[in-house]
Structure formats: C-alpha cells, structure tokens
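# A closer look at the structure
Residues per chain are reported as follows:
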Amino acid sequence: MRTDRTFTMLKPDAVEKGHIGAILEKINASGFRIVALKLTHMTTADAREFYAVHSERPFYGELVEYMTRGPIVAAILEKENAVEDFRTLIGATNPADAAEGTIRKLYAASIGENAVHGSDSDENAAIESAFHFAGREMF
Ligand code: DAT
Ligand code: MG
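Nothing here was measured: the structure is a model prediction, and the numbers come from that model.

Right, let's talk about the environment of Thr8 for a bit. Position of Thr8 relative to the elements: it lies in strand E1 (residues 4-10). In sequence terms Thr8 and Ala125 are 117 residues apart; their C-alpha atoms lie 8.6 Å from each other. When neighbours within four sequence positions are excluded, Thr8 is seen to be in contact with Ala75, Leu77, Phe86, Val116, His117 and Gly118.

Spelled out as structure tokens, the structure:
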C-alpha cells in the first residue's frame, strides 16, 4: 500500500483563538498520522516565498500580513490519499462555501483568515514540507 503525505499549517487566527488542540484532534480522528509538528513564526520573506504563486493576486499583501502576524503550527500528515482527503477535511477556501463539519466551516472567520492550509498536490506537499522542516524533524 502506498502511504501519502501532505503539509498543513494552522494559521495565525487558529492559534490566536486557541484552536490548536481541537484541530489536531480532528486531524487525528480523521485518520491522519502526524509525522512532523512545530510552532513557528513565518517572516515576511518566508510568507512571500511560500505564497509566491499568488504574488500577482490583489490579496497577496494582506495574505502575507496575516500569515506573519503571529505563530503558526506547521505539520506533515501521513495517510493513504493524504492530499485529497485533507483538502476534503478542511473544506472550501471560503468558509461560507465549506461543507458542514469541515475545519474551515468550524473554525475559519473569512476567506482571508481561513484557519488552515492544505497542500493541493503531492508535488507541492513535498516542496512545502521541505520549506518548513529539515529531514531530521520528519518521522
Ligand atoms: P487554498 O488555501 O484553499 O488552497 P488558495 O491557494 O487559492 O486557497 O489561496 C491561498 C490563500 O490565499 C487562501 O487560503 C486564503 C487567501 N485567499 C485566496 N483567495 C482569496 C480572496 N479572494 N480574498 C482574500 N484572500 C484569499
Ligand atoms: Mg492553495
């Protein structure tokens, strides 16, 4: 059986509101194994690079401000079909469109402050994991 990995961040709003425990609990209860985990604080340069694909979008400046205003929880998660299943678990980018029971429906305030990140492909999961974690921090 192939096991897949995805990368997630619990974003500054989720950390500020004290939702780390509840979100990690939901992630574990949904069958994901945590294989890397840390509290970290992205610099402006980090956030600009991490979201470089959105650099031409009108919300890029706000996104970088938001992602750097406080600490985040970065994690790598393992599960069969991890990328797709995790995107289902977090729900739509805009919490107003997110399905009932999804993490964004439960914890996100708005499209701009949407509580959690999930990689959108296996390739990006690997790139994003390596952005935040050294090999010796992955288990
Ligand atoms: P996702 O995080 O669901 O993969 P995305 O990659 O399209 O969504 O965008 C990355 C982040 O940028 C998203 O989580 C929140 C922010 N964002 C996206 N679209 C936005 C918009 N229309 N207005 C404000 N922020 C937005
Ligand atoms: Mg995305």
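Still to come is the rest of the account.
A word on the UniProt feature "binding site: ATP" (unreviewed entry) in the protein chain. Look at the UniProt record and you will see "binding site: ATP" (unreviewed entry) annotated at Lys11, Phe59, Arg87, Thr93, Arg104 and Asn114. By secondary structure assignment, the location of Arg87 is in helix H5 (residues 82-90). On the secondary structure map, Thr93 appears in the loop between H5 and helix H6 (103-107). Residue contacts for Thr93: discarding those within four places in its chain leaves Ile111 and Asn114.

Conventions and cut-offs
- Residues numbered from 1 in each chain as written.
- Chains lettered and ligands numbered in written order.
- Predicted model: local features only at pLDDT ≥ 70, side-chain atom pairs only at ≥ 80, totals over all residues.
- Helix = DSSP H or I, 4+ residues; strand = E, 2+ residues; numbered from the N terminus.
- Contact = placed C-beta atoms within 7 Å.
- UniProt positions renumbered as here; feature names shortened; annotations may be inferred.

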